[in-house]
Amino acid sequence: MLDVKLLRANINDVAEQLKRRNVDLDVEAFNTLESRRKELSVSTQELQNERNKSAKSIGQAKAKGEDIQPLLDQVADLGGQLKAAEDELAALNSSIHEMMMGLPNLLHETVPAGDSEDDNVEIRRWGEPTSFDFKPKDHVDLGAPNGWMDFEAATKITGSRFVVMRSAMARMHRALIQFMLDTHSQEHGYGEVYVPYLANEDSLKGTGQLPKFEEDLFKMKGEHNFYLIPTGEVPITNLVRGEIIDEKDMPLMYTGHTPCFRSEAGSYGKDTRGLIRQHQFEKVEMVQMVKPEESWDKLEELLGHAEAILQKLGLPYRVMTLCAGDTGFSAAKTYDLEVWLPGQDTYREISSCSNFEDFQARRMMARYRNAETKKPELLHTLNGSGLAIGRTLVAVVENYQQEDGSILVPDVLKPYMGGIEKLS
RNA sequence: GGAGAGGUGGCUGAGUGGUCGAAAGCACUGGUUUUGAAAACCAGCGACGGUUUACCCCGUCCCAGGGUUCGAAUCCCUGCCUCUCCGCCA
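Predicted, not measured: the structure shown is a model, and the values here were computed from it.

Caption draft 1: Summary view of the protein's contact with RNA strand B. Lining the immediate environment of RNA strand B, one finds 19 residues, of which Gln48, Asn49, Arg51, Ala55 and Lys62 sit closest. Among the atoms of RNA strand B lying within 4 Å of the protein, the sugar-phosphate backbone contributes 69%. Between asparagine 52 and RNA strand B, the recorded distance is 3.1 Å, taken from a side-chain N or O atom to a phosphate oxygen. Elements with a minimum of two residues in the surface near RNA strand B: α1 (4–18), α2 (27–63) and β13 (367–369). In terms of residue count, α2 provides more of the surface near RNA strand B than any other element does, 10 residues in total. A breakdown of the residues in the surface near RNA strand B according to their chemical character gives 5 nonpolar, 5 polar and 9 charged.

Caption draft 2: The arrangement of a negative patch on the surface in detail. A contiguous patch of negative charge on the surface is contributed by Asp115, Glu117, Asp118, Asp119 and Glu349. Taking the relative accessible area as the measure of exposure, glutamate 117 reaches 54% and is therefore exposed.

Caption draft 3: Region of interest: unusual backbone geometry. Cis rather than trans, the peptide bond between leucine 210 and proline 211 has omega equal to 5°. For the bond from glycine 386 to leucine 387, the omega torsion is 5°, close enough to zero to count as cis. Within the secondary structure, leucine 387 is located in strand β15 (residues 380–388). Even without being a glycine, asparagine 22 presents a positive backbone phi close to 60°. Tracing the backbone shows asparagine 22 in the loop between α1 and α2.

Caption draft 4: Structural context of the side chain of asparagine 105. Note on placement: asparagine 105 falls in the loop between α4 (78–101) and β1 (121–126). On the basis of relative accessibility, which here comes to 5%, the residue asparagine 105 falls in the buried class. Only 3.0 Å separates the side chain of asparagine 105 from the backbone oxygen of serine 330, close enough to count as a polar contact. Ignoring any residue separated from it by four or fewer positions in sequence, one finds asparagine 105 in contact with Leu2, Leu18, Arg21, Phe329, Ser330, Ala331, Ala332, Phe356 and Phe359.

Caption draft 5: Geometry of the sheet that holds strand β4 (residues 191–192). One open sheet accounts for 8 strands, arranged β1-β10-β11-β12-β15-β9-β8-β4; its pairing is mixed. Unpaired on one side and paired on the other, β1 and β4 mark the two borders of the sheet. Here strand β12 (residues 346–355) runs beside β15; their pairing, made up of 3 bridges, is antiparallel. Each residue of the ladder has a partner; that of serine 354, found in β15, is asparagine 383. Across the sheet, helix α10 (residues 295–313) is in contact with β1, β8 (252–261), β9 (280–290), β10 (317–321), β11 (333–341), β12 and β15; its angle to β15 comes to roughly 10°. Against the sheet, helix α12 (residues 389–399) contacts β9, β11, β12 and β15, and its axis sits at roughly 40° relative to β15.

Caption draft 6: Representation of α4 within the structure. Its 24 residues give α4 an end-to-end C-alpha distance of 34 Å, which sits within 8% of 34 Å, the value for a rise of 1.5 Å per residue. Inspection of α4 places Leu78, Leu82, Ala85, Leu89, Leu92, Ile96, Met99, Met100 and Met101 among the buried residues, and these make up the whole buried set. Summarising the contacts, the buried residues of α4 are in contact with α1, α2, α8 (201–207) and α11 (359–364).

Caption draft 7: Highlighting the sheet that holds β13. Pairing is mixed across the open sheet formed by 3 strands, whose spatial order is β7-β13-β14. The two strands at the open ends of the sheet, each matched to only one other strand, are β7 (244–246) and β14 (376–378). Averaged over all adjacent pairs, the angle separating strand axes in this sheet is 40°, with direction ignored.

Quick notes on the rules
- Each chain carries its own residue numbering, running from 1 in the direction its sequence is written.
- Here chains are named by letter from A upward and ligands by number from 1 upward, in the order in which they appear as written.
- In keeping with the model being predicted, local features are shown solely for residues with a pLDDT of at least 70 and side-chain atom pairs are shown and tallied solely at 80 or more, while totals for entire chains, interfaces and linings include all residues.
- Here the side-chain values reflect all heavy atoms present in the structure, with hydrogen atoms and water set aside.
- Any residue with at least one heavy atom within 4 Å of a molecule or strand is counted as near it.
- Counted as a polar contact is a pair of N or O atoms within 3.5 Å, where, for protein atoms, one must be capable of donating a hydrogen and the other of accepting one, and residues adjacent in sequence contribute only when both atoms are in side chains.
- Under the scheme used here, helices are H or I runs from DSSP no shorter than 4 residues and strands are E runs no shorter than 2 residues, and both carry numbers assigned from the N terminus.
- Under the scheme applied, nonpolar residues are Ala, Val, Leu, Ile, Met, Phe, Trp, Tyr, Cys and Pro; charged residues are Asp, Glu, Lys and Arg; polar residues are all the others, including Gly.
- Each patch is assembled from residues with relative accessible area greater than 30% and no salt bridge, linking like charges that lie within 9 Å and nonpolar side chains (Val, Leu, Ile, Met, Phe, Trp, Tyr) that lie within 5 Å.
- For accessible areas, the Shrake-Rupley method is used with a probe of radius 1.4 Å. Any residue's cover is judged against the shown protein chains and nothing else.
- Salt bridges are defined as contacts in which a side-chain nitrogen from Lys or Arg sits within 4 Å of a carboxyl oxygen from Asp or Glu.
- Note on charges: Lys and Arg go in the positive column, Asp and Glu in the negative column, and His and the chain ends are not counted at all.
- Where a charge lies is defined by one atom per residue type: Lys uses NZ, Arg uses CZ, Asp uses CG and Glu uses CD.
- Burial classification: accessible surface area is computed with a 1.4 Å probe over protein chains only, and a residue below 20% of its type maximum counts as buried, one above 50% as exposed, and the rest as partly exposed.
- We call two residues in contact when some of their heavy atoms are within 4.5 Å.
- A pair of strands counts as paired when DSSP detects no fewer than two bridges linking them.
- Axis geometry follows a simple rule: fit a line to the C-alpha atoms, using only the stretch in contact for helices, then measure angles between N-to-C directions, giving values from 0 to 180 degrees.
- Multiplying 1.5 Å by the helix residue count minus one yields the expected span of that helix.

Pasting the structure below:
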C-alpha cells in the first residue's frame, strides 16, 4: 500500500508515476473522498469529545449524589448524531482504504519504461548457451518416454497442468530442493523455516495478492477463508505481520521450501507442454526484512544468492530488469533470472527477485524499532526465488542431456543423489 | 468432536460500568552514587491519527466484529486464538 499521506500531499506526482504502469489514478475521486473525510473526521471528533466530557460530568454528579436527570436530557440526541457521523466516517474510510489497496507500488527510478516482457532490459549474461553435436530434445521428450515424467498419470489423478515424477527424476527433483536450502542456509546466511501451505486472507492482503488477484489463487471450501499459497513469499513474509522487530535483529533473512499453487487463470493455451507452467510446483524462497536505507543494496545481494545456485549448477543464464509494464503489483523493482533452455532454444524465467520497499510492510504493519529515534518505523521487504524447482529441473535435464537420452548429474547434486553420475 | 478456563502495554500481571490508556513487577532509557561495574535510589518509558514551530490539547486503540448504556477493559452476542481434561489421530 502507498502512504496515504503521500497522496494527500502529492497526488498529481503519484498519478504521474502510476502512468508508467498504465494505471489511471482518479485524482478527482480521491480528492473528493479525502476532503469529505477530513471534514467529517473533525466534526466526529468534536462530537466524541462532547460525549466524553458529558459522560464524565454525569459520573461526577452521580458520585456526589446529585440529580443527573437534567444532564441526561442535555445529551439525549448526542448519541444518535455521533452514531451517524461515525458510520459515515467508517464508510468513507473504507472507500479510501479500498482505493489504496487497489493501487500498485511506485516504481524505482531505474526501472525502464515499457509495456510488456518484450521491453525488459538484459543487464548481463553468465555462461554460453550449451552447445550440442546433436539436436537437443526438450525435457518432455527426454522425460516422458521412460516414465520419469508422467503427464498422463497426473491428468488422470487430477487434471491438466500437473505431473507425476518417478525414480531418478523424482530423486533429482528432491535433491534440488535440499541443495538450494543447504546453500542458502549454510553459505548465504538465511535461517531455514518451515511454514503453512494454507494462508488466511490477511496474509494474502499483506503481500499484495488480495484483494486484486483472487482469480489467480485456489481457495479452500468451508468456513475458513484459507487459500493455497501461490508462493512461499506469502507465509514467510507474513512472519513479521504486526510485529515490531528490534533493530539489532535486522536484517531478518529466511529461506524455505514450499509448494506453490496457482490457478493460472488467463494463461490458457500458454506453455501447455511440459513442466513450465503448472498448477502445483515447488520453490525455494528467500525473504529479507531490512532497514529502509539498506534495501537497494540487499536486492543486489539477494539477486547474487539466486545467481549462485545457477552458477553452482553450471546453468547458463541472463539477468533481466523488468520494465514498468511487466513489474508486479507490489514491487518497486524486479530482476528476473532467465535460464537457457536448449529444448526451447531460448532463455526462460527461473527466478524473480524484488524489492517491495515499504509497500508490503505498510499493508501488514511490519515495523522495526529505530535504535536512534526509539520509534517504530516501517521496514522494507524483499524476496526472490532461489529457485523455482520444476523449472530448474527442466534446465538441468535439457542442458545436461546426452545423445543417448541419458542425463548427467551436475556435480553439486551428486552428494544428494547417492553419488550416481547420470540418469539413464 | 465434547467439557471447562482464558485473551490487558516489549514480557509477567491487577483492574467494583463512571477523571482507566490502564496498578504493580520485569525489561529498557536517562540521572545520582562508584576508579569502573554491580547494587541501591530518583526519573522517564505503548501505538496510530488530528492540531501545533514546539509544548499543550483532542480523538481512537485493553484479540476481532457487532450490541446494551449518558458512559464499556469491565455487561451481552458472534468469530478467531490459547490453555486444561476427555475422545480421536500421523
